[in-house]
Amino acid sequence: MAPERFSHDTALYSFGKGILKFDRFDENGLPTGLRDLGSCPSFNLTIEIEKIEHFSSREGLGVVDWTRTKIRRLKGSFDLEEFDRENLRLWLMGKKGSYGIPPLTSGDLIGMLDFVGTSDVGPRYHYQGWKVKLSPTGNLALIGDEIGRFGFEFEAESDISGHPKSPYGLLTLIGES
C-alpha cells in the first residue's frame, strides 16, 4: 500500500500580523482590563520540555533505557515598539499610579495575554494565555538609529481552577469553534 500523500496548500503559509493585549492583574490577582500594547513586531510561543533519563549500568557504553517527562512549560516572547507610559511601566516593573515610573517597585507582572491574528496571508489564530508571568528582556534603547524595541518573555502558569480543559491557555483558529 502506497503511503498517503498530503496536498500542498499555499493558503497555509503564514505572514503573521496581529494585535497583542495584556490585562495586568492587581495585587489581589484580579483583572484590571485588557490594554492594547500597540505595535508588536514579534510574538512567539515556545514549548519547553525537561526530561529525566536513566542510563543502564549493565554495559560499557551508557544506553538510555528509561525516560520520563519531568517538566512541560509553555513560554513565549514578544517585542514592543510603542514607548507609552504603561508599556514602559511594565518593562521597568514600575508600580502603577504615578506619572513618573519608579523602576523595580512592583511585584511580579502577572496577567492575561490576548493575541488576535490579523494577517491577510495565511490562517489567523487567537491565543489566550489565562495567567502568564512577564519578564522584561534585553535593553531599553533610549538612543538609536532605528525604531526602538523592547522585549518581554513570558511563562504560562496553570489556571486549572478557571480553565480545567486548557489550564495554560488556548490557541484557536479564528473562524472555527
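A. The arrangement of the overall build of the protein in detail. Looking only at helices and strands, the protein features one helix and eight strands. Put simply, the protein runs from its N terminus to its C terminus through helices and strands in the order β-β-β-β-α-β-β-β-β. Taking 16 Å as the expected radius of gyration for a compact globule of 177 residues, we find that the protein reaches 21 Å, considerably beyond that expectation. Along the longest, intermediate and shortest principal axes, the C-alpha atoms of the protein span 65 × 45 × 40 Å. Out of the 177 residues in the protein, the part that is buried amounts to 25%. Within the protein, counting contacts between residues at least 6 apart in sequence, those at least 24 apart form 59% of the total. In the structure as shown, the protein presents an accessible area of about 12300 Å², 52% of it carried by carbon and sulfur atoms.

B. Main features of the pattern of salt bridges. Per the counting criterion, the structure on display carries 10 salt bridges. For D84, the salt bridge identified is with R35, shortest N-O distance 3.3 Å. Placement of the pair is D84 in the loop between β4 (63–80) and α1 (85–91) and R35 in strand β2 (residues 35–36), with a sequence separation of 49 residues. For D120, the salt bridge identified is with R124, shortest N-O distance 3.8 Å. Among the residues examined, R124 registers a relative accessible area of 37% and is labelled partly exposed. It is possible to trace a salt-bridge network through shared partners that takes in E48, E50, R73, K75 and E155.

C. Spotlight on the packing of aromatic side chains. On inspection of all chains with the given rule, the structure shows seven aromatic pairs. Seen in terms of ring centroids, F43 and F154 are 5.9 Å apart; in terms of plane orientation they differ by 10°. Their pairing is stacked. Taken together, the positions of F43 in strand β3 (residues 42–56) and F154 in strand β7 (residues 150–156) put the pair 111 residues apart, joining distant regions of the chain. In terms of burial, F43 and F154 fall into one category: buried. Ring centres 6.2 Å apart and planes at 65° place the aromatic pair F150 and F152 in the edge-to-face group. Under the relative-accessibility criterion, F152 is labelled buried at 1%. An aromatic cluster of at least three residues, connected via ring pairs, comprises F43, F78, F83, F115, Y127, F150, F152 and F154.

D. Fine view of a nonpolar patch on the surface. Together, L45, Y125 and L171 line one region of the surface with nonpolar side chains, adding up to about 270 Å² of accessible area. Note that L45 resides in strand β3. By relative accessible area, which is 37% here, L45 ends up partly exposed.

E. Looking closely at the nonpolar core. Of all hydrophobic cores here, the largest spans 22 residues; its most connected members are F43 and F78. Taken together, the elements giving at least two residues each to this core come down to β1 (18–24), β4, α1, β5 (109–117), β6 (125–137) and β7. Counting residues per element, this core draws most heavily on β7, at four residues. Those residues in contact with F43 that lie beyond four places of it in its chain are L20, S77, F78, L113, F115, Y127 and F154.

F. Quick look at the pairing of β6. Relative to β6, β5 runs antiparallel, the two being bridged by seven bridges. In the strand pairing of β6, L109 is matched with L134. In this sheet, strand β8 (residues 170–173) lies alongside β6 in antiparallel orientation, the contact comprising four bridges. Looking at β8, one finds that Q128 is bridged to L170.

Quick notes on the rules
Residues numbered from 1 in each chain as written. Predicted model: local features only at pLDDT ≥ 70, side-chain atom pairs only at ≥ 80, totals over all residues. Heavy atoms only, no water. Helix = DSSP H or I, 4+ residues; strand = E, 2+ residues; numbered from the N terminus. Rg over C-alpha atoms; globule rule 2.2 N^0.38 Å. Buried < 20%, exposed > 50% of the residue type's maximum accessible area, 1.4 Å probe, protein only. Contact = heavy atoms within 4.5 Å. Areas by Shrake-Rupley, 256 points an atom, 1.4 Å probe, with all protein chains shown as cover. Salt bridge = Lys/Arg side-chain N within 4 Å of Asp/Glu carboxyl O. Phe/Tyr/Trp six-rings, centres within 6.5 Å; stacked < 30°, edge-to-face > 60°. Patch = residues over 30% accessible without salt bridge, like charges linked within 9 Å, V, L, I, M, F, W, Y side chains within 5 Å. Core = buried A, V, L, I, M, F, W, Y, C linked by side-chain atoms within 4.5 Å. Pairing = 2+ DSSP bridges.

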